[in-house]
Amino acid sequence: MATLYSTHCRSYSPLTPSPSSSSYSSYCSSSSSSSKLGHVAVSSSAPKRFLAAKLSVLSQNQNVARMQDGAVATAVTPIENDFPFKKLKGGLLSEPSTDECKDAVRFDINENESTVSITVVGASGDLAKKKIFPALFALYYEGCLPKHFTVYGYARSKMTDAELRTMVSKTLTCRIDKRENCGEKMEQFLERCFYHSGQYDSQENFAELDKKLKEHEGGKVSNRLFYLSIPPNVFIDAVRCASLSASAGNGWTRVIVEKPFGRDSESSAALTKGLKQYLDEDQIFRIDHYLGKELVENLSVLRFSNLIFEPLWSRQYIRNVQFIFSEDFGTEGRGGYFDNYGIIRDIMQNHLLQILALFAMETPVSLDAEDIRNEKVKVLRSMRPLEIENMVIGQYKSHTKGGVTYPAYTDDKTVPKGSLTPTFAAAALFIDNARWDGVPFLMKAGKALHNKKAEIRVQFRHVPGNLYNRNIGTDLDLATNELVIRVQPDEAIYLKINNKVPGLGMRLDRSNLNLHYAARYSKEIPDAYERLLLDAIEGERRLFIRSDELDAAWSLFTPVLKELEEKRIIPEYYPYGSRGPVGAHYLAARYKVRWGDVSVEQ
Ligand code: NDP
Ligand code: BG6
C-alpha cells in the first residue's frame, strides 16, 4: 500500500475493477508474420482470485469498494465495449476458437499434405516432464498444433509408448478457465505421443527413429523439430546424429537448444561451431524461456505503442533501471548442475540480460525477427563489460526459522564442500550510447531469498523545480515516478504517481495506477514454453537468441566470471530466506540508487 508523505493522510489503493470487468486474451491470434497481438476472449466472469484478495466489503453501491485497510476505492467502469466484438451467449463478447491459431501456424500451406514431428530428446528428464510435454498438450488443446503432428520422446531409458504416455499424463494439466473436454483431449493427445529408446551419439539409433517418423508421416511433406532437453555435454552428439540420420527429407528441420550455451565466450563459441557443423544458423533455436513470458513479450508493446512511455525512454527522464529475480528456494536437487554455473551464468547472463536488451534497444525497423535481434545485438555491444567492482556475490547459508532448519548451499550432497559458487549476485551495468549514457542498469538475482519474484523497475528522475517540494519532504527521490513491470508471479504493470489525498488539506501520497492482469484479463496466461514451441513450429525466430547476440552477451560477463574464479572471491553469506547480502545495497548506493523491491511500499 502507498507510503504517505504526510502522517495524517489516509492511503488510497489502486483502483479495483468491478466484478463485471471484461477481459480479452492475446493468445494464438491470427497474426501477421511477426506478432500475435490483439485477441478476443472477452469474458464476463468475475476475476474471483483478485477480488477475494482485495475486497473486504462491497458497499451497497457496487461501484465502491472498501479495502482491507479501510480505504475506499471506486470501481473501474466495466470495459465491455472497448472492443467491437460480437456479443455471444452467456455475456461473452467472443470466445477463443481454434481458428485463432490457424493463421498462427503458417508453415502449413496445405495442412493436408504436410506433417510436423516433434522429437523431445531427453524425454525422460525433468524439463521434458515439467514443461515441454505440458506445453505441447496446451498447444494441442488450444488448437494450435497442425492437423498432422506426432510427438516422439527419445532418451536412453527403456520405455514403451504406453509407459511414456503414463509418465507424460501425470504432468498434463488443463487450464483453469477452460476445462471442457479436457480428459478427452488428453487421450487424443497421448495417442499422438510415442517413444524411441536410443543413445544420443548413435546414428544407428537415430536412423531407427527416422524410420518410425516416416511411418507416421505417411509420405506427406515432413517437417521435423528436435527439442534438445539433455545436458550440454551431449548436445553436439545428438545434433550430429539427428542431422545425419533423422533430418526431414523434404520439409524443414529445426533444433531447439536449451541453455546453458557454454560457460564463457570460448566454450560458447565452441558449442556454436559444433552446432554449425551440422545445422545452419536459421535451423538453430536457442531458447531463453524468459523471452516467452507474457510481460517480457509485452515490453516492446508497452514502450513502442504508448506515447506516454516512448518519449521518456532515455537518460533524460530515467534515473536507473532494475532487473530483479528472486526465488524462495535453494538449488535443492540441481546442485550438481548449478555448482558448475552459478547464478551469474544461470540467470543474469541470459534471462536478465535478454530482458535488458529488449528494454534498452533502439526502435527496430520492423517487428521482424532479424530487425529486433539486430537492435538487441547493438545494445549489447554498446555495453561496458562488467567489472568486479560493480559486482557483489553471495551464497546462502543455513538458517533456522520457526523451528525449521533450512540448509546451506554447501549442505547439498551434490555440491563440493567449500564451494564458492555464488547463489546470489548483484551488478551495475552501463550502456555507453547516446540514449543511456550514465544510467545505471542494476541487476539482482538470487536463490533461497525471502520471496519468488521477477520484475523490472524503472525509476524516473524528479520533476525539476517541483512545486510540491514542501508536501513531499527532503528526499525528492522518494517522490519520483516508478514504473514496475512484474513479470511473475501475479503479473502486473503499475506506475507509481504522486497524488493529492482527497480532503481539504494539501497532502500528497504515492499511489499506483495498476494494471493487474488477473483482474483485467480472465484468460490464464500461457506458459512461456507454449509460446516458444509454437514460434519454433512456425519458424518465428524473434524470441530466440542469435549466435552474435550470444557472443555479445558472453563478452560482457566472461572477464568478470574469470576474475571471480581465478581470485577465488569469497561470496557474502546470507541466511536462507533472507533478503540477500547487504553488499547489494552498498553497490546500489554507490550509484545513488535504492532497490525498489525493498521499500515498504513495493
Ligand atoms: P536432466 O538432468 O533431467 O536430463 C535430461 C535427460 O538427459 C535425462 O532424463 C537422461 O535421460 C539424460 N541424461 C542425464 N544425464 C546425462 C548424461 N550425463 N549423459 C547423457 N544423458 C544424460 O535435465 P533436465 O531435464 O533438467 O534439463 C534438460 C536441459 O535443459 C539441460 O540442458 C538443462 O540445463 C536445461 N534446463 C533445464 C531446466 C529445468 O528446469 N530442468 C531449466 C532450464 C534449462 P536418459 O538417461 O533416459 O537418456
Ligand atoms: C532456469 C534456471 O533457467 O530458470 C533455474 O536454470 C531457474 O535455476 C529457472 O529456477 C527459473 O525459471 P522460472 O520460469 O521458474 O522463473
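So, here is what we can say about the structure in this document. Just so it is clear, the structure is predicted and the values come from calculations on it, not from any experiment.

### Examining the packing of aromatic side chains
Line of reasoning, step 1. Within the structure shown, the criterion is met by 26 aromatic pairs.
Line of reasoning, step 2. For the ring pair Phe309 and Trp313, a centre distance of 6.3 Å and an interplane angle of 70° mean the geometry is edge-to-face. The same class applies to Phe309 as to Trp313, namely buried.
Line of reasoning, step 3. Members of the aromatic cluster, joined through ring pairs, are Phe338, Tyr396, Tyr406, Tyr409, Phe424, Tyr574 and Tyr576.
Line of reasoning, step 4. Over the ring of Phe194 we find Arg165, and its NZ or CZ is 5.1 Å from the ring centre.
Line of reasoning, step 5. Sitting above the plane of the Trp252 ring, Arg254 keeps its charged end 3.7 Å from the centroid.

### Topic: the side chain of Arg486
Line of reasoning, step 1. For Arg486, the position within the fold is in strand β17 (residues 482–488).
Line of reasoning, step 2. Under the relative-accessibility criterion, Arg486 is labelled buried at 16%.
Line of reasoning, step 3. A polar contact is formed between the side chain of Arg486 and the backbone oxygen of Pro489, at a distance of 3.3 Å.
Line of reasoning, step 4. If sequence neighbours within four positions are ignored, Arg486 has contacts with Leu295, Ala454, Glu455, Glu491, Ala492, Tyr494 and His516.

### Brief notes about helix α9 (residues 294–304)
Line of reasoning, step 1. Within α9, 9 of the 11 residues are buried, which leaves the element mostly enclosed by the surrounding structure.
Line of reasoning, step 2. If you check which residues of α9 are buried, you get Glu294, Leu295, Val296, Glu297, Asn298, Leu299, Ser300, Leu302 and Arg303.
Line of reasoning, step 3. Those residues of α9 that are buried are in contact with α10 (335–360), β16 (453–460), β17, β18 (492–500), α13 (517–520) and α14 (528–538).

### Structural notes on the nonpolar core
Buried together is how nonpolar side chains tend to be arranged in soluble globular proteins.
Line of reasoning, step 1. Residues Phe189, Phe359 and Phe441 are the most contacted members of the largest nonpolar core, which totals 152 residues.
Line of reasoning, step 2. At 13 residues, the largest contribution of residues to this core is made by α10.
Line of reasoning, step 3. Those residues in contact with Phe441, other than ones at most four positions away along the chain, are Val321, Phe323, Leu356, Phe359, Ala360, Ala427, Ala428, Leu429, Ile431 and Trp436.

### Some details on the pairing of strand β10 (residues 318–326)
Two faces make up the sheet, and in a regular strand the side chains alternate between them.
Line of reasoning, step 1. By the criterion of burial, β10 is predominantly enclosed, with 9 of the 9 residues buried.
Line of reasoning, step 2. Two strands pair when backbone bridges link them, and β10 and β16 are joined in this way by 8 bridges, in the antiparallel orientation. Counterpart to Phe325 in the pairing with β16 is Ala454.
Line of reasoning, step 3. Strand direction decides the pairing type here: β10 and strand β15 (residues 441–446), joined by 6 bridges, are parallel. Each bridged residue has a counterpart across the sheet, and for Gln322 the counterpart in β15 is Leu442.

### Regarding the site of ligand 2
Line of reasoning, step 1. Within the structure, ligand 2 sits among Lys259, His289, Tyr290, Lys293, Glu327, Arg334, Tyr337, Asp346, His351, Lys447, Lys452 and Gln488.
Line of reasoning, step 2. Between an oxygen atom of ligand 2 and a side-chain N or O atom of Asp346, the distance comes to 2.6 Å.
Line of reasoning, step 3. In this structure, Lys447 approaches ligand 2 through a side-chain N or O atom, which is 2.6 Å from an oxygen atom.
Line of reasoning, step 4. Its free accessible area being 400 Å², ligand 2 has 83% of it covered by the protein chains.
Line of reasoning, step 5. Top contributing element to the shell around ligand 2 by residue count: α10, with 3 residues.
Line of reasoning, step 6. Split into classes, the residues belonging to the shell around ligand 2 amount to 2 nonpolar, 3 polar and 7 charged.

### With respect to the site of ligand 1
Line of reasoning, step 1. In the vicinity of ligand 1 lie 19 residues, with Ser124, Leu127, Ser157, Tyr200 and Ile230 positioned nearest.
Line of reasoning, step 2. In the model, an oxygen atom of ligand 1 is placed 3.1 Å from a nitrogen or oxygen of the Lys130 side chain.
Line of reasoning, step 3. Ser157 places a side-chain nitrogen or oxygen 2.4 Å from an oxygen atom of ligand 1.
Line of reasoning, step 4. Here ligand 1, which alone exposes 870 Å², has 76% of that area covered by the protein.
Line of reasoning, step 5. If one sorts the elements of the shell around ligand 1 by residue count, helix α3 (residues 126–141) sits on top with 3 residues.
Line of reasoning, step 6. Tallied by class, residues from the shell around ligand 1 come to 9 nonpolar, 4 polar and 6 charged.

### Description of unusual backbone geometry
Line of reasoning, step 1. Cis peptide bonds are those with omega within 30 degrees of zero, and the linkage from Lys259 to Pro260 qualifies with 10°.
Line of reasoning, step 2. Tracing the backbone shows Pro260 in the loop between β8 (253–257) and α8 (265–278).
Line of reasoning, step 3. For the bond running from Gln488 to Pro489, omega is -15°, close enough to zero to count as cis.
Line of reasoning, step 4. Within the secondary structure, Pro489 sits in the loop between β17 and β18.
Line of reasoning, step 5. Residues other than glycine seldom take positive phi values, yet Arg568 does so here, at roughly 45°.
Line of reasoning, step 6. Take Arg568: it is sitting in the loop between α15 (547–566) and β21 (572–575).

### A look at the packing of α10 against α15
Line of reasoning, step 1. Close contact between α10 and α15 brings their axes to 11 Å; oriented N to C, the two are set at 145°. Both α10 and α15 take part in a crossing whose hand is right-handed. For the pair α10 and α15, contact is made by Ile344, Arg345, Met348, Gln349, Leu353 and Gln354 and by Glu549, Leu550, Ala553, Trp554, Leu556, Phe557, Leu561, Leu564 and Glu565, respectively.
Line of reasoning, step 2. Tallied by class, the residues present in the contact of α10 with α15 amount to 10 nonpolar, 2 polar and 3 charged.

### Structural notes on the pattern of salt bridges
Line of reasoning, step 1. If you walk through the whole model with that rule in mind, you get 34 salt bridges.
Line of reasoning, step 2. The salt bridge involving Lys131 is made with Asp527; its shortest N-O contact spans 3.2 Å. One end of the pair, Lys131, is in helix α3; the other, Asp527, is in the loop between α13 and α14, with 396 residues separating them in the sequence.
Line of reasoning, step 3. Relative accessible area serves as the criterion here: at 26%, Asp527 is assigned to the partly exposed category.
Line of reasoning, step 4. Through salt bridges with shared partners, a single network forms among Glu294, Glu297, Arg531, Glu540 and Arg542.

### What to know about helix α6 (residues 203–217)
Line of reasoning, step 1. Under the 1.5 Å per step criterion, the end-to-end length of α6 is 20 Å for 15 residues, consistent within 8% with the ideal 21 Å.
Line of reasoning, step 2. For α6, the complete set of buried residues consists of Asn205, Phe206, Leu209, Asp210, Leu213 and Glu217. Looking straight down α6, one finds its buried side chains confined to an arc of 150°; they lie on one side. Exposed and oriented more than 90 degrees from the buried face of α6 are Glu204, Lys211 and Glu215.
Line of reasoning, step 3. At its buried positions, α6 is contacted by β4 (114–121), β5 (149–155), β6 (193–197), β7 (221–228) and α7 (235–246).

Reading guide: rules and limits
Residues numbered from 1 in each chain as written. Chains lettered and ligands numbered in written order. Predicted model: local features only at pLDDT ≥ 70, side-chain atom pairs only at ≥ 80, totals over all residues. Heavy atoms only, no water. Phe/Tyr/Trp six-rings, centres within 6.5 Å; stacked < 30°, edge-to-face > 60°. Buried < 20%, exposed > 50% of the residue type's maximum accessible area, 1.4 Å probe, protein only. Lys NZ or Arg CZ within 6 Å of the ring centre and 35° of its normal. Helix = DSSP H or I, 4+ residues; strand = E, 2+ residues; numbered from the N terminus. Polar contact = N/O pair within 3.5 Å; in protein donor to acceptor, adjacent residues only side chain to side chain. Contact = heavy atoms within 4.5 Å. Core = buried A, V, L, I, M, F, W, Y, C linked by side-chain atoms within 4.5 Å. Pairing = 2+ DSSP bridges. Near = heavy atom within 4 Å. Areas by Shrake-Rupley, 256 points an atom, 1.4 Å probe, with all protein chains shown as cover. Nonpolar A, V, L, I, M, F, W, Y, C, P; charged D, E, K, R; others polar. Axes fitted to C-alpha atoms, helices over the stretch in contact; angles between N-to-C directions. Left-handed = near helix turned anticlockwise from the far one by under 90°. Salt bridge = Lys/Arg side-chain N within 4 Å of Asp/Glu carboxyl O. Expected span 1.5 Å × (residues − 1). Arc of directions from axis to C-beta.

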